[in-house]
Amino acid sequence: MLTVISFYLLAFVAVAAAFMVVAARNPVHSVMYLILTFFSAAGLFILMGAEFLALLLVMVYVGAVAVLFLFVVMMLDVDFVEMKQGFLSYLPIGALVAIVLLLEMLMVGAAYVAGETKTVVVRETGVSNLEAFGQVLYTDYAGIFEAAGFVLLVAMIGAIVLTLRDRDGVRKQDATAQMARTKETGMEMVDIEPGQGIG
Amino acid sequence: MTMSLIQFWSDLSPLAWFGLKFAQVAAFVLILSVLLAFLILMDRKVWAAVQMRRGPNVVGPFGLLQSFADLLKFVFKEIIIPSGSDKGLFILAPIITLVMAFLAWAVVPIAPGWVMSDVNVGVLYVLAISSLGVYGIIIGGWASNSKYPFMGALRSAAQMISYEVSIGFIILTVIFLSGSMNLTAIVDTQAGGFFNWNMFRINPVGEYGPLGLLLFPIMFYMGVMFFISALAETNRPPFDLPEAESELVAGFMVEYSSTPYLLFMFGEYLNMTLMCAMFTILFLGGWHAPIDIGVQFIPPVFWFILKCLFMFFMFAMVKAIVPRYRYDQLMRLGWKVFLPTSLAAVVIVSTFVVFLGGSA
């Protein structure tokens, strides 16, 4: 009973918040609603008994990804009037994407109802969430898992390469050089003649 | 006794069980709040003692009631909300900070069986909730619609995310050694005496035999790093850049007054105590006594509180004696020193567990 109430509550909040992500006028508010959506999804995971996945969702998406979203959105100087003007011209593309997504979801749903989907078989029952994950992730799907890791690594290096420029004339700090300074290298004793100053 | 009571109520009806849990949580929150009032006083007293001042000593005997006087003063002042601010988020930010700070305590085991919710993924839960604490700061800084708070919020967000990564890796080494993510189980693997604590693994007849001594330097260093990362994570000096008063006045809290400010400060101290408790659980053996012989008459909760108080004392001492870091130095320490070191430690410890450990 409590589970059913919780499910409908969380599901309603998730959908309503997802709608508000699009509908909110202020981009920062949009990100806030997005966080609420993630959070409700995590709650749904917990109801399904996938506590590990739920906490991972909170940690990765809410704790890191959404913070970066918020970071970017806050730093941008968004002009609301300009954003509203472009709305109509982007409408056909947006509608196309939405229709394709809807069709895909319907097909998945139809396949599931027809019973043609393949489910992952958990080897042992009675193990914790985490162990069940490990048993599948590092055996059957080890190759795909590592490939995903490599894709992320490449993306990370790519981002660094794109933004790293070696510019001339920039004063940079070298922590090792700073630490290696001694009294002898860091200090110079000068005898100043009266009225001369240091040349 | 308590277990049978819970059983009784849950048999009665789910609503009664809900009520009982609610009462438990309310009592816990109340006790924690009152304890925190005295911890804040302790922080100020230690700080004062290092600087050869007296500290608060007027309200009550030895100034013991100072925090309560401060509370009254905060609550009775007017709440000022800047006209240019985003009002809803402005009020929401301190509430998020406080709620997140309290939420994490749900899985912290204080003594055998004394835990609100003994979940299997307790460590992960604490990590997840503490990673949400940053929202209070960012939202507060942005909703103020002012320069200093915004700068403070940006600094704080970058800082907390950076140090969360290394904290995660450090906790991973502890999880490997315990073979569990349950906080109670982590504490129980450190039973027997201080030589079994993760911070001082100098037991030559332990799980890994004499070779286990090799883990001592690594885990001791992990403990030190966890402490420093905890300082950075809770925005405490020497890493209190988000509220560096010489540069940013009070950082993200500039525009806050009265009760909302109180909530921010309260949440911050609560996070500190949580970090003390986490350090105690992960590295100092939780409620287990340092020596297992002849001290059984002392209740376990005494040891837990004693260790937490010691860690809090360390936090206070660091605030009093260490000068503030510069921002680039802070980032360098997080990404270029802590991250590679903790990553290396994860590799070494996991290798150790796989090739020498029988049980894990």
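For the structure given in this document, a descriptive report is provided here. Small disclaimer: the values here were computed from a predicted structure and weren't measured.

Looking at the overall build of chain A
Item 1. The number of helices and strands found in chain A is 9 helices and 0 strands.
Item 2. Secondary structure elements in chain A, listed N-terminal to C-terminal, are α-α-α-α-α-α-α-α-α.
Item 3. The burial tally for chain A puts 18% of its 199 residues in the buried class.
Item 4. Carbon and sulfur atoms make up 69% of the accessible area of chain A, which amounts to about 16,000 Å² in all.

Some remarks on the overall build of chain B
Item 1. Counting secondary structure elements, chain B contains 12 helices and 0 strands.
Item 2. Start at the N end of chain B and walk to the C end: the helices and strands fall as α-α-α-α-α-α-α-α-α-α-α-α.
Item 3. By the compact-globule yardstick of 21 Å for 360 residues, chain B fits well, its C-alpha radius of gyration being 21 Å.
Item 4. Along the longest, intermediate and shortest principal axes, the C-alpha atoms of chain B span 65 × 55 × 40 Å.
Item 5. By residue count, 51% of the 360 residues in chain B fall in the buried class.
Item 6. For chain B, contacts bridging at least 24 residues in sequence account for 74% of all contacts bridging at least 6.
Item 7. Put simply, chain B has 18 plus and 18 minus side-chain charges, and the middle of one group is 9 Å from the middle of the other.

A few points about the packing of aromatic side chains
Residues and elements named next belong to chain B.
Item 1. Applying the stated rule across the entire model yields 20 aromatic pairs over all chains.
Item 2. A centroid spacing of 6.4 Å and a plane angle of 40° characterise the contact between Trp197 and Phe200, whose relative ring orientation is tilted.
Item 3. Phe200 sits in the partly exposed class, given a relative accessible area of 27%.
Item 4. Cluster of aromatic residues (ring-pair linked, three or more members): Phe226, Phe227, Phe279, Phe283 and Phe315.
Item 5. Directly above the ring of Trp47 sits Lys319, whose terminal nitrogen or CZ lies 3.9 Å from the centroid.

Digging into unusual backbone geometry
All names here are of chain B.
Item 1. Positive phi, close to 55°, is recorded for Asn235, a residue that is not glycine.
Item 2. Mapping Asn235 onto the fold places it in the loop between helix 8 (215–233) and helix 9 (245–248).
Item 3. Assessed through its relative accessible area of 3%, Asn235 is described here as buried.
Item 4. Despite not being glycine, Ser258 shows a phi value in the positive range, around 55°.
Item 5. With respect to the secondary-structure elements, Ser258 resides in helix 10 (residues 258–283).

A look at the nonpolar core
Nonpolar side chains in soluble globular proteins generally cluster together in the buried interior.
Item 1. In terms of nonpolar packing, the biggest core is built from 117 residues, with Tyr135(B), Phe226(B) and Phe283(B) touching the most fellow members.
Item 2. Ranked by the residues each element gives to this core, the list is headed by helix 5 (residues 122–143) of chain B, at 15 residues.
Item 3. Apart from the residues lying within four places of it in its own chain, the contact partners of Tyr135(B) are Ile35(A), Val62(A), Ala66(A), Val67(A), Leu70(A), Ile96(B) and Gly140(B).

A few points about the pattern of salt bridges
Residues and elements named next belong to chain B.
Item 1. Scanning the entire structure with this criterion turns up 5 salt bridges over all chains.
Item 2. Note that Arg324 is salt-bridged to Asp240, the shortest N-O span being 2.7 Å. Here Arg324 is found in the loop between helix 11 (300–321) and helix 12 (327–356), whereas its partner Asp240 is found in the loop between helix 8 and helix 9, with 84 residues between them in sequence.
Item 3. Owing to a relative accessible area of 29%, Arg324 belongs among the partly exposed residues under this scheme.
Item 4. What makes Asp240 buried here is its relative accessible area of 8%.
Item 5. Three or more residues are tied together by salt bridges with common partners; here these are Asp43, Arg236 and Lys319.

Some remarks on the environment of Ala16(B)
Residues and elements named next belong to chain B.
Item 1. Here Ala16 lies in helix 2 (residues 14–50).
Item 2. Under the relative-accessibility criterion, Ala16 is labelled buried at 18%.
Item 3. For the pair Ala16 and Ser229, spaced 213 residues apart in sequence, the C-alpha to C-alpha distance is 42 Å.

Description of helix 6 (residues 147–178) of chain B
Residues and elements named next belong to chain B.
Item 1. Between the first and last C-alpha of helix 6 there are 46 Å, a value that for 32 residues agrees with the 46 Å anticipated at 1.5 Å per step.
Item 2. Of all 32 residues that make up helix 6, 24 are buried, and the element is covered over most of its length.
Item 3. Just past helix 6, the residue Gly179 takes up positive phi, approximately 70°.

A look at the interface of chain B and chain A
Item 1. Listed by partner, the interface residues are 25 residues for chain B and 23 residues for chain A.
Item 2. In total, chain B and chain A occlude about 2,200 Å² of area from one another, counting both sides; carbon and sulfur atoms represent 81% of this.
Item 3. Our count for the contact surface shared by chain B and chain A stands at 3 residue pairs in polar contact (both at pLDDT 80 or more).
Item 4. Mapped onto the side of chain B that touches chain A, the elements with two or more residues apiece are helix 5, helix 6 and helix 12 of chain B.
Item 5. Looking at the side of chain B that touches chain A residue by residue, the class counts come to 18 nonpolar, 2 polar and 5 charged.

About the criteria used
Residues numbered from 1 in each chain as written. Chains lettered and ligands numbered in written order. Predicted model: local features only at pLDDT ≥ 70, side-chain atom pairs only at ≥ 80, totals over all residues. Heavy atoms only, no water. Helix = DSSP H or I, 4+ residues; strand = E, 2+ residues; numbered from the N terminus. Buried < 20%, exposed > 50% of the residue type's maximum accessible area, 1.4 Å probe, protein only. Areas by Shrake-Rupley, 256 points an atom, 1.4 Å probe, with all protein chains shown as cover. Rg over C-alpha atoms; globule rule 2.2 N^0.38 Å. Contact = heavy atoms within 4.5 Å. Lys, Arg positive; Asp, Glu negative; His and termini not counted. Charge placed at Lys NZ, Arg CZ, Asp CG, Glu CD. Phe/Tyr/Trp six-rings, centres within 6.5 Å; stacked < 30°, edge-to-face > 60°. Lys NZ or Arg CZ within 6 Å of the ring centre and 35° of its normal. Core = buried A, V, L, I, M, F, W, Y, C linked by side-chain atoms within 4.5 Å. Salt bridge = Lys/Arg side-chain N within 4 Å of Asp/Glu carboxyl O. Expected span 1.5 Å × (residues − 1). Buried area = accessible area lost by both parts, 1.4 Å probe. Polar contact = N/O pair within 3.5 Å; in protein donor to acceptor, adjacent residues only side chain to side chain. Nonpolar A, V, L, I, M, F, W, Y, C, P; charged D, E, K, R; others polar.

In short, shape yes, function no, at least from these values alone.
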